[in-house]
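Summary of structural features
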Amino acid sequence: MRGFAWPITPRSLISLTTSAVKRASDAASKAQDRLDRTDDDLEATALLAKMLGMMPDHGFIIRAVGLKSIRSEYQMRITAAKKRSTPTE
């Protein structure tokens, strides 16, 4: 088994561990940000499916009174998803 090219001292071990923890933390944070950005998009998709499922009952009129609240919430979610889709880093 090959060893390290430099001697492992407590100080270097602390430095390596600290660096690894920071990289892992940064990766987790970026992953969480990506997940958070998809929340509105997923909610908008669910609302669209619900609205499309209700359309036959409303004569396929998108602006029907029974669909108005779902449609406005869908538009709000899709706008929020568009705003979040571009990271501000």
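Residues numbered from 1 in each chain as written. Predicted model: local features only at pLDDT ≥ 70, side-chain atom pairs only at ≥ 80, totals over all residues. Heavy atoms only, no water.

Considerations on the pattern of salt bridges
Throughout the structure, instances matching the rule amount to 2 salt bridges. Here D26 and K22 are joined by a salt bridge, their closest N and O atoms 3.1 Å apart. You can see D26 and its partner K22 sitting in helix α1 (residues 10–54), 4 residues apart, about one turn around the helix. Under the relative-accessibility criterion, D26 is labelled partly exposed at 36%. Judged by its relative accessible area of 51%, K22 is exposed. Of the charged contacts, one joins D40 and R77 as a salt bridge, the two residues approaching to 2.9 Å between their closest N and O atoms. Linking D40 in helix α1 with R77 in helix α2 (residues 65–84), this pair joins segments that are 37 residues apart in sequence. Among the residues examined, R77 registers a relative accessible area of 25% and is labelled partly exposed. (Salt bridge = Lys/Arg side-chain N within 4 Å of Asp/Glu carboxyl O. Helix = DSSP H or I, 4+ residues; strand = E, 2+ residues; numbered from the N terminus. Buried < 20%, exposed > 50% of the residue type's maximum accessible area, 1.4 Å probe, protein only.)

What to know about the nonpolar core
Listed in full, the 8 residues of the largest apolar core are A44, L47, M51, M55, A64, L67, I70 and Y74. Put simply, the parts of the chain that give this core at least two residues each are α1 and α2. With residues near it in sequence (within four places) discarded, I70 still touches L47, K50, M51 and M54. (Core = buried A, V, L, I, M, F, W, Y, C linked by side-chain atoms within 4.5 Å. Contact = heavy atoms within 4.5 Å.)

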